[in-house]
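# Chains, contacts and geometry: an overview
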Amino acid sequence: MVEGRRPLPTPAHASDILCRAMTDEPTHSSIPPVETPVGQGAPEAPPDGGAAVPRDKRRKWIRRVANLLIVAGVLAIPGYYGGTCACTAIEQNRLREDLEAANPQLAVAEEALTSGELFVVETSTTTTTIDPDATVEEIDEVEAAIAAAKAERDAKLAAFKAAATEYALTVSGKIGEPVGKILIPKIGVDVVVVEGTSVRDLKEGPGHWEETPYPGQGGNFVVSGHRTTYGAPFFKLNELEPGDHIDLVLPYAVVRYAVTSVFIVYPDEVETVAQKGREQISLAACHPIYSAKQRIVAQGELVSFKLIEPEAVTPSAGG
């Protein structure tokens, strides 16, 4: 985070993009002050002529009530967190079942992450050194290999973009629907992502900013999630380091990113997750924990992917 930097003006549609749905962390109300009885001597008799309540006894009951309120407040905090996490766990199970039922290819898609089947995308310019003593035939072979590799890369990226665009159209406007899974082995994340970032959406799981492109469309796929409540999927986001993997399992592709940076910003510094014309992912959550004052963002670059074809699933007998 750049200290002392004044937040840049932002477009109207993005002015609260890092703020929305991330400010429903629990608030703690203070215990009402207990008024201390004033005056000396015996308490006045009630107007109806009944027996007066001794001052010491009245103070004793006030202290008991105050202690009960304190205990109730303390117990309510873990109860709140436990309750939100339980609700999210139930919703996550439902979302996972819905996602896998609608996309049976996901049952085998994750195997690509460990089988070495991902196509590696070169993210930096590479040079090929040719032996000065190479023959014309050898030089032609090297140049042909370079051209073939470039053609394969371009073809795969074009297919990736086409699949992403088609999928984006199918989920456009379907707020709250499951769209895929995020896997972050380093911090133990395996969670279903929903479309949208409303308060209700983020209670069920991390939400995709619907105005940002899907992986393959050449932009920054941005996701918000809770850090302390509702399953706290991004609780350990601060533990990510450059090089750690962030994996996405989507109905059309398995995508792997490598973390490039983790930084802290204020809610209105939306330029930090702006589109830069290249394949990225940004995960955002509240910071510090138990506060919505700032945001922590983990950002990564695309390193590899594999397209998933629905017809690759073997149909059951008689189906």
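Residues numbered from 1 in each chain as written. Predicted model: local features only at pLDDT ≥ 70, side-chain atom pairs only at ≥ 80, totals over all residues. Heavy atoms only, no water.

### Regarding the overall build of the protein chain
When its secondary structure is counted, the protein chain shows five helices and nine strands. In sequence order, the protein chain lays out its α and β elements as α-α-α-β-α-β-β-α-β-β-β-β-β-β. Counting across all 319 residues of the protein chain, residues that qualify as buried make up 38%. In the protein chain, the share of contacts with a sequence separation of at least 24, taken over all contacts with a separation of at least 6, comes to 67%. For the protein chain, the accessible surface area stands at approximately 18000 Å², while carbon and sulfur atoms represent 57% of it. (Helix = DSSP H or I, 4+ residues; strand = E, 2+ residues; numbered from the N terminus. Buried < 20%, exposed > 50% of the residue type's maximum accessible area, 1.4 Å probe, protein only. Contact = heavy atoms within 4.5 Å. Areas by Shrake-Rupley, 256 points an atom, 1.4 Å probe, with all protein chains shown as cover.)

### As for the pairing of strand E9 (residues 294-307)
Side-chain direction in a regular strand flips from residue to residue, so the side chains alternate between the two faces of the sheet. The buried count for E9 comes to 11 of 14 residues, which makes it a mostly enclosed element. In the sheet, strand E1 (residues 119-120) pairs with E9 via two bridges, with the strands oriented antiparallel. The partner of Val120 across the bridge, within E9, is Ser304. The pairing of strand E7 (residues 253-265) with E9 spans 12 bridges and is classified as antiparallel. Bridge assignment links Val255 to a residue of E9, and that residue is Phe305. (Pairing = 2+ DSSP bridges.)

### What to know about the environment of Glu309
With respect to the element layout, Glu309 can be found in the segment after E9. Along the chain, Glu309 and Leu106 lie 203 residues apart, while their C-alpha atoms are 9.8 Å from each other.

### Let's talk about the nonpolar core
Grouped together as the largest cluster of nonpolar side chains are 37 residues, with contacts concentrated most on Ile182, Leu237, Tyr252, Val255 and Leu283. Counting only elements with at least two residues in this core, the list comes to helix H4 (136-171), strand E2 (178-184), strand E3 (189-195), strand E5 (220-224), strand E6 (245-249), E7, strand E8 (280-287) and E9. Broken down by element, the residue count for this core peaks at six residues, all from H4. In this structure Val255 touches Phe160, Pro215, Ile246, Asp247, Leu248, Leu250, Leu302, Ser304 and Phe305, once residues within four positions along its chain are discounted. Core analysis: the next-biggest nonpolar cluster, separate from the first, contains 13 residues, Leu99, Ala112, Val194 and Val254 among them. (Core = buried A, V, L, I, M, F, W, Y, C linked by side-chain atoms within 4.5 Å.)

### Observations concerning a nonpolar patch on the surface
The grouping of Phe235, Ile289 and Tyr290 at the surface amounts to a nonpolar patch, some 290 Å² of accessible area in total. Within the element layout of this structure, Phe235 appears in the loop between E5 and E6. (Patch = residues over 30% accessible without salt bridge, like charges linked within 9 Å, V, L, I, M, F, W, Y side chains within 5 Å. Salt bridge = Lys/Arg side-chain N within 4 Å of Asp/Glu carboxyl O.)

Remember that the coordinates give geometry; whether it matters functionally is a separate question.
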